[in-house]
Amino acid sequence: MKSKVLNLILVLSLALLLTGCWDRIEIDRRAFVSTIGIDVGSDVDKKESLSEDVDINNYKDMNMVKITYGFPDLRHMDTQKGTTEGLSLTVDGYSPTDAYFKAASMSSRSLHFGHSKLLLLSNKVFDYPELEKEILDYIEREPNLNRSIIMAIVKGNTEDYIKVKPMMEDGIDSYITNLLGNSRITGTISPITLTKYIDMVKSKSISMLPVFDLKSEDEIELEGVAVIENNKIKAYLNNNEIENVQILRSDIGSSKKVVTSGGHPIDYYIETVDSNLDIKYIDNKLHLKYSIFTEGDLAGYYTDAKEIEAKDIKILEEELNTQMEKELLEVAYRTKNDLKLDVLEIEDKVKKYHYKLWESIKDNWSEEFQKAEISIVVKNQIRTVGIIN
């Protein structure tokens, strides 16, 4: 019995001693890719003209995509500050997978995507819907890619953005992700992860991504969002328009509006937004009534200021109500009539909450959507006040 116990202990000890990781890669042999930028290749215009029986060897020589990988230079990291300069590697390929293998063959370190923070797509990619489909399919299927990576569109080439050195951050990845993270304060579009974007593409008729523009060598500006339909950019909404769209959709953290008192601007900081949509079908026409309720605070100060009175608060609330109703109505009709895009997700609401109505109008939805009447009622409640004249 004693020998059996000793043999068992020996076997267990050997099992512990002989274990190991067959695909282990030391940390100093990894390149931790923080940013991925995807541009169109130099031969992308030939893609549409290629026949199905094209010689595969000729296809392999074509550059359909150009991918830039940005990663920190761990060799020169400041151990006290935890910061370092960034490096980038740009490769061409006939597909995203081909570009990856070319990058791997050019790098002395193993490319690691588990901690990637930012995925940039050039707006030029969306000029080629078939290429955009291939790229989306690749990033959806790539198992090593961080699923919570933030996605954005840039005007021009992503390679130029990845090389930017922001004033307040060490790299473009931290700058853009933190900028989008401030959306709960600024009222701009919230960060969109890879998982969220793929869900939008699969479940909705349109999708949206934030858009950035390179103003100078070290200045990048958030310009709003791109509205995407059928793998093509159909329109752009500026920051003010997307802010109002998110108010109508009750999909906003906080926001800011401005009203004047005695010729002086007073800021109204919106803390909470509640949006309700009442849908009726009268006289063969959709009637959409939005009821918007907000709560927030006033802030303002100038010389000879005094505490605001209750009657003045009511006046300011009414002015804010009228102003916001006009702004919200303008963006609602612009997206519906001019852009002909259901940015407000009205179709989804009809399907979810008025299914019988949807069944009766779904065959002519485009026509019903275009002739729909929209009305908006806003009620703002000022909870606390600053100091005004």
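The preceding data block contains the structure.
A brief look at the structure comes next. (Residues numbered from 1 in each chain as written. Predicted model: local features only at pLDDT ≥ 70, side-chain atom pairs only at ≥ 80, totals over all residues. Heavy atoms only, no water.)

1. Quick word on the pattern of salt bridges
Argument step 1. Considering all chains together, one arrives at 25 salt bridges under this definition.
Argument step 2. A salt bridge links K163 to E159; the shortest N-O distance between them is 3.3 Å.
Argument step 3. For K163, a relative accessible area of 48% translates into the label partly exposed.
Argument step 4. Between E223 and K215 there is a salt bridge whose closest N-O contact spans 2.9 Å.
Argument step 5. E223 sits in the partly exposed class, given a relative accessible area of 22%.
Argument step 6. Through salt bridges with shared partners, one network takes in K204, R249, D251, E345 and D348. (Salt bridge = Lys/Arg side-chain N within 4 Å of Asp/Glu carboxyl O. Buried < 20%, exposed > 50% of the residue type's maximum accessible area, 1.4 Å probe, protein only.)

2. Quick notes on helix α8 (residues 194-203)
Argument step 1. Those residues of α8 that sit buried are L194, Y197, I198 and M200. On an axial view of α8, the arc spanned by its buried residues comes to 155°, and they lie on one face.
Argument step 2. In this structure, the buried residues of α8 make contact with α4 (129-141), β7 (150-154), β8 (207-216) and β9 (219-229). (Helix = DSSP H or I, 4+ residues; strand = E, 2+ residues; numbered from the N terminus. Arc of directions from axis to C-beta. Contact = heavy atoms within 4.5 Å.)

3. Quick notes on unusual backbone geometry
Argument step 1. Phi at N231 is positive, roughly 65°, even though this residue is not glycine.
Argument step 2. Position of N231 relative to the elements: it lies in the loop between β9 and β10 (232-237).
Argument step 3. Classification of N231 as buried rests on a relative accessible area of 17%.
Argument step 4. One non-glycine residue with positive phi stands out, namely S250, at about 55°.
Argument step 5. In this fold, S250 is placed in the loop between α9 (239-248) and β11 (255-261).

4. So, the side chain of E159
Argument step 1. Among the structural elements, E159 can be located in helix α5 (residues 158-162).
Argument step 2. E159 sits in the buried class, given a relative accessible area of 17%.
Argument step 3. Sequence-distant contacts of E159, defined by excluding residues within four places in its chain, comprise D39, K66, T68 and T90.

5. Observations concerning the nonpolar core
Argument step 1. Core analysis: the biggest nonpolar cluster contains 100 residues, and I36, Y197, F212, L248, Y290 and I292 have the highest contact counts within it.
Argument step 2. Top element by residues in this core is helix α10 (residues 310-338). It accounts for 7 residues.
Argument step 3. Setting aside residues up to four positions removed in sequence, L248 forms contacts with S275, Y290, I292, L328, V331, A332, L344 and I376. (Core = buried A, V, L, I, M, F, W, Y, C linked by side-chain atoms within 4.5 Å.)

6. Let's talk about the packing of aromatic side chains
Argument step 1. Applying the stated criterion across every chain yields a total of 5 aromatic pairs.
Argument step 2. Between Y100 and F101, the aromatic rings sit 5.3 Å apart at their centres with planes inclined by 70°, giving edge-to-face as the arrangement.
Argument step 3. Note on F101: relative accessible area 54%, which makes it exposed.
Argument step 4. Residue placement shows K155 over the ring face of Y236; its charged tip is 4.9 Å from the ring centre. (Phe/Tyr/Trp six-rings, centres within 6.5 Å; stacked < 30°, edge-to-face > 60°. Lys NZ or Arg CZ within 6 Å of the ring centre and 35° of its normal.)

7. What to know about the packing of α9 against α10
Argument step 1. Put simply, α9 and α10 touch, their axes get as near as 9 Å, and they point 95° apart. Viewed along their axes, α9 and α10 adopt a mutual orientation that is roughly perpendicular. Facing N240, E241, N244, V245, I247 and L248 of α9, the residues of α10 in contact are M324, E327, L328, V331, A332 and R334.
Argument step 2. For the contact of α9 with α10, a count of residues per class yields 7 nonpolar, 2 polar and 3 charged. (Axes fitted to C-alpha atoms, helices over the stretch in contact; angles between N-to-C directions. Parallel < 35°, antiparallel > 145°, perpendicular 65-115°, else oblique. Nonpolar A, V, L, I, M, F, W, Y, C, P; charged D, E, K, R; others polar.)

8. A closer look at a negative patch on the surface
Argument step 1. Taken together, E217, D218, E219 and E221 make up a surface patch of like negative charges.
Argument step 2. As for its position among the elements, E221 is in strand β9. (Patch = residues over 30% accessible without salt bridge, like charges linked within 9 Å, V, L, I, M, F, W, Y side chains within 5 Å. Areas by Shrake-Rupley, 256 points an atom, 1.4 Å probe, with all protein chains shown as cover. Lys, Arg positive; Asp, Glu negative; His and termini not counted. Charge placed at Lys NZ, Arg CZ, Asp CG, Glu CD.)

9. Topic: the pairing of strand β3 (residues 65-72)
Argument step 1. Among the 8 residues in β3, 6 count as buried, and that is most of the element.
Argument step 2. Pairing analysis gives 6 bridges linking strand β2 (residues 35-40) to β3, with the strands arranged antiparallel. Across the sheet, the residue bridging to V40 is V65, located in β3.
Argument step 3. Of the strand pairs in this sheet, β3 and strand β4 (residues 86-93) are connected by 8 bridges, and their pairing is antiparallel. (Pairing = 2+ DSSP bridges.)

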